[in-house]
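If you want the building blocks of each chain, they are given just below.
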Amino acid sequence: MTQNTFAKDFFYQQFQSQPEFVCHAPGRVNIIGDHTDYNNGFVLPAAINYGTTIAASARQDKQVEVYAYNCDSNKNIFSLDNIVFDKQTMWSNYVKGTLQALIKKHPDINGANLVVVGNVPQGAGLSSSASFEIAILKAFSQLYELDLNGISAALMGQQAENDFVGCNCGIMDQLISAMGLKNHAMLLDCRDLSFEEALIPEDLTLFIVNSNVKRGLVDSEYNLRRQQCEQVAEYFNVASLRDLSLEQLYSKKEQIDATLFKRAHHVITENSRALATLNALKNNDMATISAAMKKSHESLRDDFEVTTKEMDGLVDIIDEVIGVNGGVRMTGGGFGGCVVALVPSSMVPQVEEAVNNNYERLFSIKPSIYKCTASQGAFR
């Protein structure tokens, strides 16, 4: 049964009627460019064929009644006239925050009956929350025929996380969920939200492995990394690390705290790697992609210090199999979560076997493997 069909059936169970619309928003994996987004830098994500599906019907009042199949305490009812943070039902805050952002631009909308079905693994760094937000916005834009484009929707989703949920995320996750292009990766300039796409060669698989390490410290450490980047930008009197060159950074190496130097070094070099990887994808230059992803992981491990021994181990296991024929690195915020690999499709069985044979033996944790393709964004 497809996710669409399941969502329709689940909707009928809850509301004894058929939904007016069913819509879908994908999760994402970031091929390269981590912790660059909030520094106004470059990221290179792809939307993936895992995501959030919402079945929806409009209401005549301001009530929103929503059932989330994949969540505990899976029912929530609230009014658009009284949107309040809910400490008991945390998942509902993504709906509430997103709709609060939407009604600032479209105050006349009514409520809706909604069911939500998702298959993005939560807490894995594949952006289940952004997928949820963009699917909500797509559903309401269809129900009420709103003039809402993908970039506006992405900004609303980000606003929901920043101002309502309380996660200080950048724009990447929401924008790729809204505007991803099937079979392509997107180089996104997080400063002006312009983007450029490159075809992912059809013989490559987006091979994602969840380390299944519970992501500890992620909020406090994420916010600390952000503050450290801002400190360096302030020291150099630039708007963000996007405006700082490697030469400028090195010119003050002796004057800057060693940890702050490392954080800035990662961001500046990661921006260069994201640009190089886009061009390499366009030219099907796997050796350059492989080297860039390897350097990215090393930088996230040594300069930004956000990997774990399990993630490092997964990267080593996969790298040993693919070598220069593919690339592998951690992806996402770090402190647990996933690694992403670009793997020639012919080598996928070997990589899968190596992960299954070695990861649990070394770390006593079962891995979860997702073989993905790049899919279409909700507003594309």
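Our structure is the block above this text.
Residues numbered from 1 in each chain as written. Predicted model: local features only at pLDDT ≥ 70, side-chain atom pairs only at ≥ 80, totals over all residues. Heavy atoms only, no water.

Asker: Got a sec to walk through unusual backbone geometry? Specific residues and values, please.
Answerer: A positive phi is found at Phe 335, a non-glycine position, where the angle reads about 60 degrees. Position of Phe 335 among the secondary structure elements: in the loop between β9 (327-331) and β10 (338-344). You can call Phe 335 buried: its relative accessible area is 11%. One non-glycine residue, Ser 364, adopts positive backbone phi at about 60 degrees. (Helix = DSSP H or I, 4+ residues; strand = E, 2+ residues; numbered from the N terminus. Buried < 20%, exposed > 50% of the residue type's maximum accessible area, 1.4 Å probe, protein only.)

Asker: Could you give an account of the pairing of β9, naming the residues involved and the relevant values?
Answerer: The buried count for β9 comes to 5 of 5 residues, which makes it a mostly enclosed element. Sheet topology places β9 next to β10; 5 bridges connect them, and they run antiparallel. Across the sheet, the residue bridging to Val 328 is Ala 341, located in β10. (Pairing = 2+ DSSP bridges.)

Asker: So, the packing of helix α3 (residues 128-143) against helix α4 (residues 150-165): which residues are in play, and what are the values?
Answerer: The interhelical angle for the contact between α3 and α4, taken along N-to-C directions, is 125 degrees, at an axis separation of 9 Å. Put simply, α3 runs oblique to α4. Handedness of the crossing formed by α3 with α4: right-handed. Between α3, through Ser 129, Ala 130, Glu 133, Ile 134 and Leu 137, and α4, the contact on the second element is made entirely by Ala 153, Ala 154, Met 156, Gly 157 and Glu 161. Partitioning the contact of α3 with α4 into residue classes produces 6 nonpolar, 2 polar and 2 charged. (Axes fitted to C-alpha atoms, helices over the stretch in contact; angles between N-to-C directions. Parallel < 35°, antiparallel > 145°, perpendicular 65-115°, else oblique. Left-handed = near helix turned anticlockwise from the far one by under 90°. Contact = heavy atoms within 4.5 Å. Nonpolar A, V, L, I, M, F, W, Y, C, P; charged D, E, K, R; others polar.)

Asker: Go over the environment of Val 324 with me, naming the residues and quoting the values.
Answerer: Turning to its location among the elements, Val 324 is positioned in the loop between α10 (309-322) and β9. Residue class for Val 324 comes out exposed when judged on its relative accessible area of 59%. It is 51 Å that separates the C-alpha atoms of Val 324 and Gln 14, two residues lying 310 residues apart in sequence.

Asker: Outline α3, supporting the account with residue identities and numerical values.
Answerer: For α3, spanning 16 residues, the distance from its first C-alpha to its last is 23 Å, which sits close to the expected 22 Å at 1.5 Å a residue. Most of α3 is tucked away, with 14 of its 16 residues classed as buried. Following α3 by one or two positions, Glu 145 has its phi on the positive side, about 50 degrees. (Expected span 1.5 Å × (residues − 1).)

Asker: Got a sec to walk through the sheet that holds strand β8 (residues 204-210)? Specific residues and values, please.
Answerer: Read from one edge to the other, the open sheet built from 4 strands follows the order β9-β10-β8-β11, with strand pairing classed as antiparallel. Bordering the open sheet on either side are β9 and β11 (368-372), each of which pairs with just one other strand. Direction aside, the axes of adjacent strands within the sheet are offset by 20 degrees on average. On top of the sheet, helix α11 (residues 348-363) reaches β8, β10 and β11; it is set at about 10 degrees to β8, its chief contact.

Asker: So what's going on with the pattern of salt bridges? Residues and values would help.
Answerer: Overall, the coordinates contain 20 salt bridges when judged by the stated rule. With its nearest N and O atoms 3.6 Å apart, the salt bridge here joins Glu 65 to Arg 59. For Glu 65, a relative accessible area of 15% translates into the label buried. A salt bridge links Glu 270 to Arg 273; the shortest N-O distance between them is 2.8 Å. With Glu 270 and Arg 273 both in helix α8 (residues 258-282) and 3 residues apart, this pair spans about one turn of that helix. For Glu 270, a relative accessible area of 0% corresponds to the buried category. Under the relative-accessibility criterion, Arg 273 is labelled buried at 11%. (Salt bridge = Lys/Arg side-chain N within 4 Å of Asp/Glu carboxyl O.)

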